[in-house]
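A structural walkthrough
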Amino acid sequence: MPEFLGSLVPAFALNLWNALPGLAQYLITVLFKILILTIGVILIVAFSTYFERKVIGRMQARVGPNRVGPKGLGQPFADVIKLLVKEVIVPAKSNRFLFVIAPLLTLIPALAAWAVIPLNSWFVIADINAGLLYVLALTSVGVYGVILAGWATNSKYAFLGAMRSAAQIVAYEIAMGFALVGILMAAGSLNLGDIVRAQSGGPQNWFILPLLPLFLVYWISGVAETNRAPFDVAEGESEIVAGFHVEYSGVAFALFFLAEYANMVLISSLTAIFFLGGWASPLEFWDYGVESFGGNPFFGWIFAGGFPWLFIKMAFFMYTFFWLRATFPRYRYDQIMRLGWKVFIPVTIVWIGVEGVMAWFEIGPWEGLTG
């Protein structure tokens, strides 16, 4: 238990906690972290839909939700209730088992990846050394839910959307993988917490500066991975009705909807962790501020870092998702494939070579490597 939490917990509760066996303390701690993370991610996803409609409405000189609750803040809950009470219709000639399990295969990896995401220096469910590989593996699994959803419904439009989505995700997954190789070279570790700690010391040590091309490739590939505009060819309403989930309704459609926004939150958080120092404060370089206020349990995060900084960085990238949707038209399918295969993959390979040269001459993250 962190020291500042110990100072806030009553003495009798602290004594009761210390009396528990080590295994019981571990299980309670893990279950508590899982509960906090799950509720937090679901709430962020729910209100992301509200803020997206508000942001796009402001950009397009519209009002956005403003009727349900004060300033429309009850709109996400109204949407949830509407989807819960709608009937789930299973097509007569579909594969019922795969039809039902496909939305779960899309949502579960997006939530399971949070097991290794460090929110600050001590809040992480599983602090494993192969966290980077775990995240890469789980973000690749979501495509199976999309493919199965398109195939199981026995609909040509859904199947076409699933195939386009699979080809797109495979192309951009390779570029993301090469970008993560660059992160591994810079941090020297697969542990996400170690990656954040390797960027400590202020913005001048964040990986976004020496790895700027990889940052752009990873972020744009993340937008494509989540099937968001302008890469939403899998859901091209003007071309294939609604894509792979055209036959889904009610709760089943809600799971796909939830998975899309959960993946947006995940990609935003990972981008902040890999390139912007994660929970690290941009004021870390100010030694006087860290020494004077860093130990404060309420405001220490401003100088010493903490979850609020990760949330602020994540919110910025979420805003960029909305901004892109309101700004760019949908790309043609051939343009998306060309960007992934002929631009992003060569750029990442070249920059990995540049990283090798930077490491040889001890530039950027590799400064003082031999010392």
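Because the structure is a prediction, the values reported are computed rather than measured.

Broken down by element type, the protein chain carries 15 helices and zero strands. Relative to the compact-globule value of 21 Å for 371 residues, the protein chain shows a C-alpha radius of gyration of 22 Å, a close match. Taken over the C-alpha atoms alone, the protein chain extends approximately 65 × 55 × 45 Å along its principal axes. Of all 371 residues assigned to the protein chain, the portion counted as buried reaches 46%. Taking contacts inside the protein chain between residues at least 6 apart in sequence as the whole, the part at least 24 apart equals 75%. When the accessible surface of the protein chain is totalled, it reaches about 18,500 Å², and 70% of it is carbon and sulfur.

The next thing to look at is the side chain of Asp 232. With respect to the element layout, Asp 232 can be found in the loop between helix 9 (212–225) and helix 10 (237–240). A polar contact is formed between the side chain of Asp 232 and the side chain of Arg 330, at a distance of 3.0 Å. Discounting residues that sit within four places of it in the chain, Asp 232 has contacts with Asn 227 and Arg 330.

Turning next to helix 7 (residues 156–187). The first and last C-alpha atoms of helix 7 sit 46 Å apart over 32 residues, in line with the 46 Å expected at 1.5 Å per residue. A positive backbone phi angle near 70° is found at Gly 188, which sits one or two residues after helix 7.

Think of it this way: side chains of opposite charge can pair up when their charged atoms draw near. Inspection of every chain in the model, using the stated rule, returns eight salt bridges. Here Arg 197 and Asp 194 are joined by a salt bridge, their closest N and O atoms 3.1 Å apart. On the criterion of helical spacing, the pair formed by Arg 197 and Asp 194 is a turn pair, its members being three residues apart in helix 8 (residues 192–197). With relative accessibility at 40%, the residue Arg 197 sits in the partly exposed group. Linking Arg 338 and Asp 334 is a salt bridge whose minimum nitrogen-to-oxygen distance equals 3.8 Å. Note that Arg 338 and Asp 334 are positioned in helix 15 (residues 333–360) at a spacing of four residues, about one turn of the helix. A relative accessible area of 35% means that Asp 334 is categorised as partly exposed. Via salt bridges that share partners, Glu 52, Arg 228, Glu 260 and Arg 325 belong to a single interconnected network.

Here is what the cut-offs are and how they apply
Residues numbered from 1 in each chain as written. Predicted model: local features only at pLDDT ≥ 70, side-chain atom pairs only at ≥ 80, totals over all residues. Heavy atoms only, no water. Helix = DSSP H or I, 4+ residues; strand = E, 2+ residues; numbered from the N terminus. Rg over C-alpha atoms; globule rule 2.2 N^0.38 Å. Buried < 20%, exposed > 50% of the residue type's maximum accessible area, 1.4 Å probe, protein only. Contact = heavy atoms within 4.5 Å. Areas by Shrake-Rupley, 256 points an atom, 1.4 Å probe, with all protein chains shown as cover. Polar contact = N/O pair within 3.5 Å; in protein donor to acceptor, adjacent residues only side chain to side chain. Expected span 1.5 Å × (residues − 1). Salt bridge = Lys/Arg side-chain N within 4 Å of Asp/Glu carboxyl O.

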